[in-house]
Amino acid sequence: MKHPLVAVVVCYAAGLLLAEYFQPPLAALFTAAFLFLALALVLEKFRRFLIWPLLALVGWTNLAVHNTAISPDDLRTLMGNESALATLRGTLVETPGLKIYERDGEQTEHTIALLRVTELRRGENWQPALGSIIATTPGALGSNFFAGPPVEISGVIAPPPLPVAEGLFDYRTYLKRQGIYFQLKTASVDGWKLLSTNQTPAMSDRFLAWSQKTLARGLPEEDEPLKLLWAMTLGWKTALTGEVTAPFMQSGTMHIFAISGLHIALIAGILVAILRTVQMPRFWCGAVIIPLIWFYTAATGWQPSAIRSTIMMTIIIAGWSLKRPSNLINSLAAAAFIILLYDPQQLFQASFQLSFFVVLSIALFMPPLEKIRDRLLQIDPLLPRELIPRWRRWSNSVLWVVSTWLATSLAAWFGSWPLTAYYFHLFSPVTLLANLLIVPLASAALACNLGSLICGGWFPWATELFNYSGWLWMKLMLEISHAVIKLPGAFFYVRSPALADFAIYYGAMLAVMSGVAFRKKWRMVTLICIVFIAVFYGWRWQSAGSITTLTVLPLNGGHAVFVQSGQRADDLLIDCGDTNAVDFITKPFLHAQGANHLPRLALTQGDMRDMGGAQPVCELFSVGQIITSPARFRSTVYRQTVTAIEQTRGRHRIVNRGDVIGAWTVLHPASTNQLSKADDNALVLKGEIYGARVLLLSDLGREGQSVLLESTNDLHTDIVVAGLPTDGEPLCDALLDAIQPKVIVIADSEFPATRRASRELKERLAGRNVPVIYTRTAGAVTLIARPGGWELRTMDGQKF
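Here goes a summary of the coordinates provided.

Conventions adopted
- Residues numbered from 1 in each chain as written.
- Predicted model: local features only at pLDDT ≥ 70, side-chain atom pairs only at ≥ 80, totals over all residues.
- Heavy atoms only, no water.
- Helix = DSSP H or I, 4+ residues; strand = E, 2+ residues; numbered from the N terminus.
- Rg over C-alpha atoms; globule rule 2.2 N^0.38 Å.
- Areas by Shrake-Rupley, 256 points an atom, 1.4 Å probe, with all protein chains shown as cover.
- Pairing = 2+ DSSP bridges.
- Contact = heavy atoms within 4.5 Å.
- Axes fitted to C-alpha atoms, helices over the stretch in contact; angles between N-to-C directions.
- Polar contact = N/O pair within 3.5 Å; in protein donor to acceptor, adjacent residues only side chain to side chain.
- Phe/Tyr/Trp six-rings, centres within 6.5 Å; stacked < 30°, edge-to-face > 60°.
- Buried < 20%, exposed > 50% of the residue type's maximum accessible area, 1.4 Å probe, protein only.
- Lys NZ or Arg CZ within 6 Å of the ring centre and 35° of its normal.
- Arc of directions from axis to C-beta.
- Salt bridge = Lys/Arg side-chain N within 4 Å of Asp/Glu carboxyl O.

### As for the overall build of the chain
Thinking step 1. What the chain contains, in helices and strands, is 26 helices and 24 strands.
Thinking step 2. Computed over the C-alpha atoms, the radius of gyration of the chain is 30 Å, within 12% of the 28 Å expected from 2.2 N^0.38 for a compact globule of 800 residues.
Thinking step 3. In terms of overall dimensions, the chain has a C-alpha envelope of 95 × 75 × 70 Å along the principal axes.
Thinking step 4. Counting every atom, the chain has about 39,500 Å² of accessible surface; 62% of that belongs to carbon and sulfur.

Okay, structure coming up:
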């Protein structure tokens, strides 16, 4: 078998997948695993067949053990799914990190720390507790908090929140994959207390402080390029704010800031070159280099990506130093097996999948790409070297290097873009160009930083020279990343691919790159597959064109409604939330739906909580038309937004009662209405989508409800969506009698407290014997309408 470990890791990973979807009792799994082990030991003739299900059972059992709360002191057993005020004691697993958020030119700081819990107190008494939690607090902790010392933290402990809407980042699942099931929020740094002050910072903290000081030596200030050099070389994440990382993410070059294969391979390559220059034997090179790369991994904080890369490089260097034949795919499988044996949850993490798929793609796709390169650059082998023009030899050397970089970038992109689309909703054709330019610069910057750290304080002028050189390369990377994303078609936001898309794409890539698709005996099979794929995507395109979705997004005091049809030209966003909601909910949600452009944005009223982020939305999504009512609102932000859009002729549309916006009819207000309160002038829309009648009331106040009743003959609908007006309640009894809904959606939210549905409102609506959905607890509500029926579902699992 050419790659024996590939079969091993595939069977083991199959067991992990089984554990994800099927959870039998642990006793049954252990019994089955030991039974197969005993059979494999006894039945020698069948051993080669029994080893494969045994490996799957080992993976299944391993992940089940990691996921099961075995101890009675486990936090999952003690807390369940409840939230409570609590005080916890434990040790900090790592030095607390600082997360910086930028909004409207201002920065806010939050501290995040991983705590291994030993004790829990929810009343007067302490009790033993086991588990890890994420603790967060506004502001920055003092430098005396670092990995190791015992601490006591008071706050609210609760399971991490679920995503507000489909396609948003699932923080709960992200933490679960790391064995973390709770988070602790404190009001301020005053809730943190050190229980011991006699310990010194860990080696990684001391190395980080020394390295930052060394890499800044001679530079005039701590500017953005320097902080990004710290991030790239030392794994210092504080510099990676959303605004800074956006161009790298959109250009597909964000990977340079993870301590990964690029870093480890470069360091190992430099060390190999130095040691081989002094003619050190291979064995002793490996004996020196392997401890050094593990030291670097430890010094940068044992980041998962660094550990994965170091394990992989250790296997490769060990084989090289022992003069064993190299096999990249087998080495990759060995590294994956070791990692998954220790931490099976990594199989489901985006970073693990991207790391291994990129390396696997390079291993599989580079050979055919190299053949194409060699064929294009080939010179007549019978022609003597002396007769080849010097310019031709020189140009061939340059083209060989450039084409090798391009082939590597292309192979990595072939393997990674479906995963990038799935996890980040990004498809970036510019990735090829960006990596071709930025990866060599990143390698140069890393080499300079390594030189700076080696020279340190004993060779100061060389240290400063390396620092200025590294700063220049990072500055160039920043400029290039901003420039390439401005190119036409540089990147697009897309929906996540389905499982069938992955299977078809990777199957097709393997068939094409291996040459199987072009072999004569496989032509008929290839033709059948092409026809099948064409029929499948034609059917899916036809089905998607007949589906319309409507999503109600809760937005911290306001709400938005996004209507997306099969024809993107009919998409409509109704309100968008304030600037904070746009940054954290509306923008990522629209990106997850594959929205790059919004044909229309309707602003129902002037409340900041509903439309305060309208201008950023217009800039981010190139909104074609802004729709407002004839009512005048006193909101400064609303007036500034309207003034800005009126500068472009034909972009602003004012609608009155009876006007039509696509499939929606305006029911309120009319230009003749003279209502004093802003909520009473809210824009009301009624639409019918494949038989599903929907009424959108925004935050319509009591007087506005009365005017709507008087001016509209037919309000009967299946689904009514209402926010909370500033004064009074939504959906008065008379209005409900006229609507006769089958489902009521109340768009309330946890914060501020004034935007929570009151007990009186809940009791009144409960008396209607109609399903009522509160977005505060249910999350986003999605209506899926297609010919023949409609379905309503919520993020907490309700379906109608």
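### As for the sheet that holds strand 19 (residues 692-696)
To summarise the sheet geometry, strands pair through backbone hydrogen bonds and adopt either a parallel or an antiparallel arrangement.
Thinking step 1. Here we have seven strands laid out as an open sheet, ordered 16-17-18-19-20-21-22, and mixed in their pairing. Sheet topology places strand 16 (660-661) and strand 22 (772-774) at the edges, where each strand pairs with a single neighbour.
Thinking step 2. Strands strand 17 (664-668) and strand 18 (684-689) of the sheet are contacted by helix 23 (residues 702-711), whose axis makes an angle of about 115 degrees with strand 17.
Thinking step 3. Of the strands in this sheet, strand 21 (743-747) and strand 22 are in contact with helix 25 (residues 759-766), which crosses strand 22 at around 155 degrees.

### Let's talk about the side chain of glutamine 605
Thinking step 1. Among the secondary structure elements, glutamine 605 is positioned in the loop between strand 13 (600-602) and helix 20 (608-611).
Thinking step 2. A distance of 3.1 Å separates a polar atom in the side chain of glutamine 605 from a polar atom in the side chain of aspartate 610.
Thinking step 3. For glutamine 605, the side chain forms a polar contact with the side chain of aspartate 699, separated by 3.0 Å.

### Some remarks on the packing of aromatic side chains
Between two aromatic rings, the relevant description is the distance of the centres plus the angle of the planes.
Thinking step 1. For the coordinates displayed, the defined rule picks out 32 aromatic pairs.
Thinking step 2. When the ring of phenylalanine 283 is compared with that of tryptophan 284, the centres are 5.2 Å apart and the planes differ by 85 degrees; the resulting orientation is edge-to-face.
Thinking step 3. Residue classification places phenylalanine 283 among the partly exposed residues on the basis of a relative accessible area of 46%.
Thinking step 4. Residue tryptophan 284 is classed as exposed on the basis of its relative accessible area, which comes to 53%.
Thinking step 5. A ring pair is formed by tyrosine 422 and tyrosine 423, whose centres lie 4.9 Å apart and whose planes are at 90 degrees; its orientation type is edge-to-face.
Thinking step 6. Site record: aromatic cluster; members linked through ring pairs are Phe357, Phe365, Trp413, Phe414, Trp417, Tyr422, Tyr423, Phe427, Phe502, Tyr505 and Tyr506.
Thinking step 7. The ring of tryptophan 126 has arginine 89 lying over it, and the distance from NZ or CZ to the ring centre is 3.9 Å.
Thinking step 8. We note lysine 762 situated over the ring of tyrosine 774; from NZ or CZ to the ring centre the distance is 5.3 Å.

### A look at helix 21 (residues 614-621)
Thinking step 1. Residues Ala614, Val617, Cys618 and Phe621 constitute the buried set of helix 21. Down the axis, helix 21 shows its buried residues gathered within 100 degrees of arc, on one side only.
Thinking step 2. Against strand 12 (572-574), helix 19 (579-592), strand 13, helix 20, strand 14 (625-628) and helix 22 (636-645) lie the buried residues of helix 21.
Thinking step 3. Serine 622, located one to two residues past helix 21, shows a positive phi value of around 45 degrees.

### Considering the pairing of strand 23 (residues 781-786)
Thinking step 1. Burial runs high along strand 23: five of the six residues are buried.
Thinking step 2. Here strand 10 (residues 548-555) runs beside strand 23; their pairing, made up of five bridges, is antiparallel. Across the sheet, the residue bridging to threonine 549 is isoleucine 784, located in strand 23.
Thinking step 3. Sheet analysis places strand 23 next to strand 24 (residues 789-794), joined by six bridges and oriented antiparallel. Counterpart to arginine 786 in the pairing with strand 24 is glycine 789.
Thinking step 4. Counting the residues that bridge the hairpin from strand 23 to strand 24 gives two residues, and of these glycine 788 lies at a positive phi of roughly 105 degrees.

### Considering the sheet that holds strand 14
Thinking step 1. Overall, mixed pairing links the eight strands, which are arranged 15-14-13-12-11-10-23-24 in an open sheet. Two strands bound the open sheet, and with one partner strand each, they are strand 15 (652-654) and strand 24. Neighbour-to-neighbour, the strand axes of the sheet open up by a mean angle of 15 degrees, direction not taken into account.

### Digging into the pattern of salt bridges
Thinking step 1. In the structure shown here, the tally under the stated rule is 21 salt bridges.
Thinking step 2. The closest approach of N and O atoms between aspartate 727 and lysine 677, which form a salt bridge, is 3.6 Å. With aspartate 727 in the loop between strand 20 (719-723) and helix 24 (733-739) and lysine 677 in the loop between strand 17 and strand 18, the pair connects residues that are 50 residues apart, well separated along the chain.
Thinking step 3. Of the residues examined, aspartate 727 reaches a relative accessible area of 45% and is grouped as partly exposed.
Thinking step 4. Each member of the salt-bridge network shares a partner with another, and the members are Glu729, Asp733, Asp737, Arg764 and Arg768.

Keep in mind that these numbers describe shape and distance, not what the molecule does.
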